[in-house]
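Examining the three-dimensional arrangement
Residues per chain, in single letters:
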Amino acid sequence: MAELKLTGARKSFGTIDVLHDIDLAVKDGEFVVFVGPSGCGKSTLLRVIAGLENVTGGEVHIDGERVTHLPASERGLAMVFQSYALYPHMSVRKNMAFALENMGLKPAEIETRVARAAAVLRLTDYLDRKPKALSGGQRQRVAIGRAIVRDPKIFLFDEPLSNLDAELRVATRKELAALHAEIGGTMIYVTHDQVEAMTLADRIVVLNAGRIEQIGTPLELYNRPSNAFVAGFIGSPRMNLLPATVIADDGTLRLTLGGREVAWPRAASGLAAGTSVTLGIRPEHIDLAPGTGMLAATVDLVEHLGGETFIYASAPGLPQITLRQDGQSQFTRGDAVAIRFAPDHLHIFDATGAALARP
Amino acid sequence: MAALRLASLLGQRRNGHGRPLHWTDVAAYAYLAFGVVLMFGPVLWLVLSSFKTQSALLEFPPSLLPFAQVEVTVSGQQQKLPLFRATLPDGSVRELAQVRRIGLVAQMIDPADPSQQFRVAIDKRAPVRRVALATENYSEPLQRFAFLRFLFNSVFVTVVATLITLLINSMAAYALAVYAFPGKQAATLAVIGTLMIPMTIILVPVYLVVTELGLTNSLWAVILPGAATPTGVFLLRQYMLTLPKDLIEAARMDRASEWQIYWRIVMPLTLPALAVLAIFSIMWRWNEFLWPLAVLTKTEVYTLQIALNAFQGELQTQWHYLLAMTVVTLIPVALVFVFLQRFITTGIGSTGMK
Amino acid sequence: MPDIASASRPARGMASGALATLGRVLVLPVDVTMRLFDPPMRWMQRIIGARRMAYVFLLPNFIFFGLFVFLPIGIDIVFALTGGTALFPSQRPYVGGDQFAYLFDCGSYLDPATCREDRFWRGVANTARFIAFQVTAMVLFSLVTALVLNMKIRGRGFFRAVYFFPVLLSPVVVALIWKWILQRDGLLNAAITTLGGQKILFFVDPGWAMFWAVFVSVWAHMGFYTLILLAGLQAIPADLYEAAEMDATPRWRVLTRITLPLLWPNMIVVIVLALIKGAQTFDEVFVLTGGGPGTATLMIVQYIYETAFSGQVQNFGLAAAASVVLGAVLFVLTLLQFAAARRKEV
């Protein structure tokens, strides 16, 4: 297993810059997830690490060794492709053995490794089938098996679950987590699904337009997003982001929110009066009570999921607010309600989107 | 936009691997360069040779470019005289014009000073030449050998045959693509069966049929037998199958007749496939050889290819005309190549797999 | 994909624009003629119904097929079973299998000289030898060229067109181009003598004549098969190569264990196709060597043509018998081709 270090990595295709100045360090045995919207460069970043693309600038180090200009075949990494890329004319066994043959291992050793990986992935019964005779989930396991047998320095996963249906995705996610626990390798995983990121990662790297927005553990990103983008991207349903203007910030934070003045006791953050900010509050941190109160709103829609309820309410001058309540709720469409934000869970983002320090 | 593409072309390769050229890359480019020479070279040689005079063609080893000897006007001489580079007995080399040649000695004069006469042995002079195109190689056959007639015949056959092919193949393809009718399977099998019967094995009977129809030695004998092509039918049918059925249903609701649906709706939509078939047909018909050879015996109905073949029989030694006529025969093809090759190559790539 | 050809696109755009307008102008009279068919077609449709119009559409094509393909095959068999010199079957006496007996009357099938109709068997021997060399050479060179073109080559479109150019030339042109080069005082001999060798009379020596027949044929047709193989290569998903790269596969192993096995179905189609076309080879060889020297490059189709059309006596029966034999061989090969194409899809 190995460490990965990227310093100042940049990647351009012709005149189009896809990755800007990426600095990243992945520890040995860590499960890191690259997540971000489509086109953010996460797959490109993975391919740069793999060696399938060359960096336009910056350095890549694996285990302290500079591999920036080393071709993919010499980096000792294994990749699970989004389309699995199984050799269609070879059986599962041969697919898994192929790389080992390239490495010049003895047939006995190859056989052992393949058998072991097949056992871990429950593929033993399918070893002699060809890929086209396998289901999507089985093919995916073969792709993983192909990576495992090589005992690589780092495992790379390129959106491996995106071709599976929802139920299979959940099951495979758990298997991947178990796999990591069992073989403990360094794994870098790319996905656009923040749920996969949150559930699988030791640390998450949030990417947007070729830049790293934030790196941290899932809960760090959840509780302390460093900017509005990460705040909105992580967590489902999305954090509510409401525009507001500062009235005063002197031990009590006073804001104009949707035309109303609201206030919370809060240590000063140095905001000047008149500054435009974005107020962030997660749906589960909002309370509702009938009648009027801090912020008056009308219920637009109630979604009863049984174990929890999502309520969508509108307050004048503000975008629709999403609220989450445990259990089953009494509110219905058209109810006039009072919204209360839990002050400990307020996020303030300045005009550039950066989070302002919390007390 | 073009500047950007040029820049990226000259700059890094798309993946920007930045590694030095592998020996396989060098070998690949060498192979491709060799291919260019091997594929174009002979044609280029043909064209260059076609512009040489008859006597120039007899030289060995042949010169690369078509040359003609420079001729100069010298005062006091009525005709232009050929210019030579002569080595004189005293060792000096001068450019002299030859007045006449008697046996092994040439009488030459200095063009600048015509009064000075020289006698030079013929092996001591070399012609002064410049690049010149012997265009008479092209113009003379056009007058002497009814070349335009052959050209017309080929054009007529190609155009008419292609039109007929497009028409009847598209009609058949339309039937097979759009309708379900008893005997459809059999009809499709019959078309496939036709694939197994190339012209080479039915030469004789088709000749009989053509004779029975009274078409011998008419261009129609060449046009008709090959007009219905199985590949054409399948190509068009394949394409028509991808057209939305709803279009045809809607047209029927609008009280259009089946013929109108075929001609006014389906055909315009099938244009890309029709274009591919048209190109195939044109290429094939223009180049057709065996069947016209068998069935055309009168010179005035010869197509260009047959005429060319006959030329090389009759004009055993008149290569200068033969080469020129060959070049003319390949000009239409060259034009098609320049403008439409991408079309053709992608067409074959996708349909050739059948 | 930036390539050299695209640099000339503005000029070509104008040309194809002009072509399009020309096309539209030419279509006009055709359109008018076709629309004239509207009323009679509508009338026919009223009588037989919309569904049966399918038969109307099929009819012209099938008339041609019937007249010029199916009927002839039947007549071929009739010719082959009859004797005499008349063209019309009614004037020909029935001889049963005599033509075939004559054709197959050989001391040893491997030695044409021992056969009654030695020309035919010489044709068979020559064609067999020709096919063996030509198909092998053609498939090999097409494969290599397709592999090269499949690499990340700049100007790939241009090079692809280069190799395809001779395919467009007519066989007469092709043969004359090379005949000119191979003349006693031609370009090739000039090169040979400059390098210090002796002039070779290529068309007088049977070995050389066959060699050049094969060479010219490969030169003229290679591009077509290259395109087919190239399409097959490009159908191989790119991420398989990336997976192979991640698996640290050396280049030659990628070729032998991934590329070629996945290309194999296409190769089979190409091989069978080349065999079918090779068996029918006539045009270039006939113009290039005339079947000579003597009968050194006489092919089966030339035998058929000469027996039927250019001999002193036009022996239609014998030619038809030979045609039937060739037809049988082609039939088997075509079935092979269908089987190969079917396997490819699976």
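Residues numbered from 1 in each chain as written. Chains lettered and ligands numbered in written order. Predicted model: local features only at pLDDT ≥ 70, side-chain atom pairs only at ≥ 80, totals over all residues.

**Section: the overall build of chain A**
Counting its secondary structure elements, chain A contains 8 helices and 20 strands. For chain A, the spread of C-alpha atoms along the three principal axes comes to 75 × 45 × 35 Å. A burial count over chain A gives 40% of its 359 residues as buried. When contacts within chain A are restricted to residue pairs at least 6 apart in sequence, long-range pairs at least 24 apart make up 65% of them. (Helix = DSSP H or I, 4+ residues; strand = E, 2+ residues; numbered from the N terminus. Buried ≥ 20, exposed ≤ 12 C-beta atoms within 10 Å, placed from the backbone. Contact = placed C-beta atoms within 7 Å.)

**Topic: the interface of chain C and chain A**
Residue-level contacts link 14 residues of chain C with 17 residues of chain A. Those elements giving two or more residues to the side of chain C that touches chain A turn out to be helix 10 (238–246) and helix 11 (251–279) of chain C. A per-element tally of the side of chain C that touches chain A places helix 10 of chain C first, with 6 residues. Here the residues of the side of chain C that touches chain A are counted per class, giving 8 nonpolar, 1 polar and 5 charged. (Nonpolar A, V, L, I, M, F, W, Y, C, P; charged D, E, K, R; others polar.)

**Some thoughts on the interface of chain C and chain B**
Chain C puts 87 residues into the contact, and the matching count from chain B is 85 residues. Broken down by element, the side of chain C that touches chain B gets its largest block of residues, 17 residues, from helix 3 (residues 53–80) of chain C. When grouped by side-chain class, the residues that make up the side of chain C that touches chain B number 64 nonpolar, 12 polar and 11 charged.

**Some thoughts on the pairing of strand 2 (residues 16–26) of chain A**
In summary, the side chains of a regular strand alternate between the two faces of the sheet. Residues and elements named next belong to chain A. Bridge count between strand 1 (residues 4–13) and strand 2: 7 bridges; the pairing is antiparallel. Of the residues in strand 2, the one forming a bridge with serine 12 is aspartate 17. Taken together, strand 1 and the strand that follows it, strand 2, pair antiparallel across an intervening segment of 2 residues, in which glycine 14 is found at a positive phi of about 65 degrees. (Pairing = 2+ DSSP bridges.)

**Here's the deal with the packing of helix 5 (residues 118–150) of chain C against helix 9 (residues 206–234) of chain C**
All names here are of chain C. Their axes nearest at 6 Å, the elements helix 5 and helix 9 cross at an angle of 40 degrees. The pairing of helix 5 with helix 9 is recorded here as oblique in orientation. For the crossing formed where helix 5 meets helix 9, the hand is right-handed. Of the residues in the contact of helix 5 with helix 9, the class split is 19 nonpolar, 8 polar and 1 charged. (Axes fitted to C-alpha atoms, helices over the stretch in contact; angles between N-to-C directions. Parallel < 35°, antiparallel > 145°, perpendicular 65-115°, else oblique. Left-handed = near helix turned anticlockwise from the far one by under 90°.)

**Remarks on the nonpolar core**
Judged by nonpolar contacts, the single largest core of 174 residues is most densely connected at Tyr174 of chain B together with Ala322 of chain C. At 15 residues, helix 9 of chain C tops the list of elements feeding residues into this core. Residues lining this core come from more than one domain, with at least three contributed by each of domain 1 (22–65) and domain 3 (138–351) of chain B. Not counting residues up to four positions away in its chain, the partners in contact with tyrosine 174 of chain B are Met240, Tyr262 and Val266 of chain B together with Phe57 of chain C. In terms of nonpolar packing, the next biggest core, distinct from the first, is built from 102 residues, Ala9, Val55, Val230 and Val337 of chain A among them. (Core = buried A, V, L, I, M, F, W, Y, C linked by C-beta atoms within 7 Å. Domains from an automatic or database assignment.)

**What about helix 3 of chain C?**
Given a rise of 1.5 Å per residue, 28 residues ought to cover 40 Å, and the 39 Å separating the end C-alpha atoms of helix 3 of chain C matches this to within 8%. Maximal helix bending in helix 3 of chain C amounts to about 45 degrees, located at leucine 59 of chain C; proline proline 60 of chain C follows within four positions. (Expected span 1.5 Å × (residues − 1). Bend = angle between axes of the 7 residues up to and from the residue.)

**Here we look at the domain arrangement of chain B**
Interfaces are often described in size by the accessible area the parts lose on coming together. Residues and elements named next belong to chain B. Here the domain parsing of chain B yields domain 1 (22–65), domain 2 (67–131) and domain 3 (138–351). Of note, the centres of domain 1 and domain 3, computed from C-alpha atoms alone, are 32 Å apart. With 8 residues of domain 1 at the interface, the matching set in domain 3 holds 6 residues. Those elements that place two or more of their residues in the side of domain 1 that touches domain 3 are helix 2 (23–50) and helix 3 (54–57). Ranked by residue count, the leading element in the side of domain 1 that touches domain 3 is helix 2, at 4 residues. Here the residues of the side of domain 1 that touches domain 3 sort into 3 nonpolar, 4 polar and 1 charged.

**With respect to the sheet that holds strand 13 (residues 260–265) of chain A**
Residue and element names in this part refer to chain A. Pairing within the open sheet is antiparallel, and its 5 strands lie in the order 13-12-11-14-20. Because the sheet does not close on itself, it has two edges, and the strands there are strand 13 and strand 20 (347–349). Between one strand axis and the next, the sheet turns through 40 degrees on average, direction left out of account. Bridge count between strand 11 (residues 240–249) and strand 14 (residues 276–281): 6 bridges; the pairing is antiparallel. Of the residues in strand 14, the one forming a bridge with alanine 244 is valine 277.

**With respect to the packing of helix 2 of chain B against helix 6 (residues 156–168) of chain C**
Two elements in contact, helix 2 of chain B and helix 6 of chain C, have axes separated by 9 Å at closest approach and are oriented at 30 degrees. Our classification of the angle between helix 2 of chain B and helix 6 of chain C gives roughly parallel. Like other packed secondary-structure pairs, helix 2 of chain B and helix 6 of chain C cross with a definite hand, here left-handed. Residues Leu32, Gly35, Val36, Met39 and Phe40 of chain B of helix 2 of chain B touch helix 6 of chain C, and the partners they reach there are Phe159, Val162, Tyr163, Phe165 and Pro166 of chain C. The residue makeup of the contact of helix 2 of chain B with helix 6 of chain C, split by class, is 9 nonpolar, 1 polar and no charged.

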